[in-house]
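Observations on chain architecture
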Amino acid sequence: MTETEIREIVKKQRNYFNSGVTLNVGFRLNAISRLKACIQKHEQEISNALKKDLGKSDFEGYMCETGMTLSEISFMQKHTRAFARERTTWTPLAQFCSRSFEKPSPYGVVLIMSPWNYPFMLSMEPLVDALAAGNTVVLKPSAYSPYTSELIVKLIRECFDDSYVTVITGGREENQFLLQEHFDYIFFTGSKSVGREVMKHASAHLTPVTLELGGKSPCLVDRTANLRLAARRIVFGKFLNCGQTCVAPDYIYCDPVIKDELIRQIRIQIRKQFGNVPLQNPNYGKIINEKHFERIRGLIDPSKVVSGGHVNPDTLQIEPTVMDDVTFEDAIMQEEIFGPVLPVLTWDSLDGAVRKINSMEHPLALYLFTRSKGAVRMVTSKCGFGGGCINDTIIHLATSEMGFGGFGESGMGSYHGKKGFQTFSHYKSIVDKKLWLDLPMRYQPYRKLYDKLIHLFLR
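An account of the accompanying structure is given in this report. (Residues numbered from 1 in each chain as written. Predicted model: local features only at pLDDT ≥ 70, side-chain atom pairs only at ≥ 80, totals over all residues. Heavy atoms only, no water.)

1. Digging into the side chain of E319
- Considering the arrangement of structural elements, one finds E319 in the loop between β12 (317-318) and β13 (321-323).
- For the buried residue E319, which engages in no salt bridge, the nearest side chain bearing the opposite charge is R267, 10 Å off.
- Not counting chain neighbours up to four residues away, the residues in contact with E319 comprise P278, L279, Y284, G308, G309, H310 and P340. (Helix = DSSP H or I, 4+ residues; strand = E, 2+ residues; numbered from the N terminus. Buried < 20%, exposed > 50% of the residue type's maximum accessible area, 1.4 Å probe, protein only. Lys, Arg positive; Asp, Glu negative; His and termini not counted. Salt bridge = Lys/Arg side-chain N within 4 Å of Asp/Glu carboxyl O. Contact = heavy atoms within 4.5 Å.)

Take a look at the structure:
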């Protein structure tokens, strides 16, 4: 799509927003209801597209993408009217007699840029939140997941006029054209390097942004943990979508006393969950493209592999792989892995592990496996991270009742449920002053009596 065509789309959406039609809450609810019906109608097509792009099974595709999107829509159908209401706040005595309130209002024309690893869910969930808040949306899915992107185009055209919601496909050129436009809000999910570019371009128009990025999310395991259950849940979270999950446990950081047994339990769980030959498992996915396949393969040190390590270049598959005796100086610890390779490191003490994690870039997620309440208090209080789980992985993002987002280098802002509505809304602070009383003390000329009264009111 050309720069001129993109500019016309943004102009058309701005005119549509300025007509005021999206301010009506009933209109918004009708829009997300249409989207829900359309998704349900095309469930199998969505599953097929995810299979072609990432090798996802029907079950995984529904559990991690379609089902989560439908759940977010259902949540917004129940709560949007309440979220959109004005909220009365306390009025100080100095403003007597007035009513103070906050009024949620949509930003306007929103740009949503989504990634390839969960191409349907990470496009649709922020779209649902933006529509519930009353915005118009330009949606830009990733060029790396073409089958899902094409299907998203089909669904959106079936549901909405392009003056309300439109999808722009393409690659870097289209991204650059979009980022040169003046949007009222930009929501980006992807890598830190691209996130910096998004923020740089947004600053030209002083456009607010939400950045959902990533990072090396640690998985801490202490000597009190239930190792069998920890291994089961770590294997699930790490190798889901072949490790191509922004909140996947990037590495294990554990007590050296339990390291060998933990690795043994992880190897058992890999066989249980993926079979003796994972690359022949029809429900085991693939790496998105050759570029990322070669990058991940290059991070594997064969001398440190204790489980897995086999690859298939023809199918772009890397089997679940565990590496032992890894240090923070190794190549695999210099970048986010974003693939099915799990390095294991050990600490001298949990307190030392916390200091080490805090010396690095803030991760998007942190996981702690322990039976110690003291360990939970220390790690959750002292460590900086976006969100996480105690004695599990991944599941903290699978709810509309809590916000999901990054912290520091792993992003800014959050969404899901009420947080999503708030992200795409500006809250106007308004004082409605009554006409029947007008206290003279704020007007000149100032008098000594007024000076005493103003000190009384504002104390």
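Let's pick the thread back up.
2. What about the sheet that holds strand β18 (residues 411-412)?
- One open sheet holds the six strands; their spatial order is β5-β4-β3-β6-β7-β18, and the pairing between them is mixed. A single partner strand is all that each edge strand has here, and the edge strands are β5 (165-167) and β18.
- With four bridges connecting them, strand β3 (residues 109-113) and strand β6 (residues 185-189) associate as parallel partners. The partner of L111 across the bridge, within β6, is I186.
- Sitting on the sheet, helix α6 (residues 146-159) touches β4 (136-140) and β5, and the angle it makes with β5 is about 155°. (Pairing = 2+ DSSP bridges. Axes fitted to C-alpha atoms, helices over the stretch in contact; angles between N-to-C directions.)

3. Here's the deal with the packing of aromatic side chains
- Taken as a whole and assessed by the stated rule, the structure comprises 17 aromatic pairs.
- Members of the aromatic cluster, connected to one another through ring pairs, are Y107, Y185, F187, F404, Y415 and F424.
- Taking NZ or CZ as reference, R99 lies 4.2 Å from the ring centre of F101, over its face.
- Sitting over the face of the ring of F328, K356 holds its NZ or CZ atom 4.6 Å from the ring centroid. (Phe/Tyr/Trp six-rings, centres within 6.5 Å; stacked < 30°, edge-to-face > 60°. Lys NZ or Arg CZ within 6 Å of the ring centre and 35° of its normal.)

4. Quick word on the pattern of salt bridges
- This model, assessed by the stated rule, comprises 23 salt bridges.
- For E158, the salt bridge is made with K41, and the minimal N-O distance between the two is 3.2 Å. Pair noted here: E158 is in helix α6 and K41 is in helix α2 (residues 25-41), with a separation of 117 residues, a long-range link.
- A network of salt bridges, in which partner residues are shared, links K259, D260, D324 and D325.

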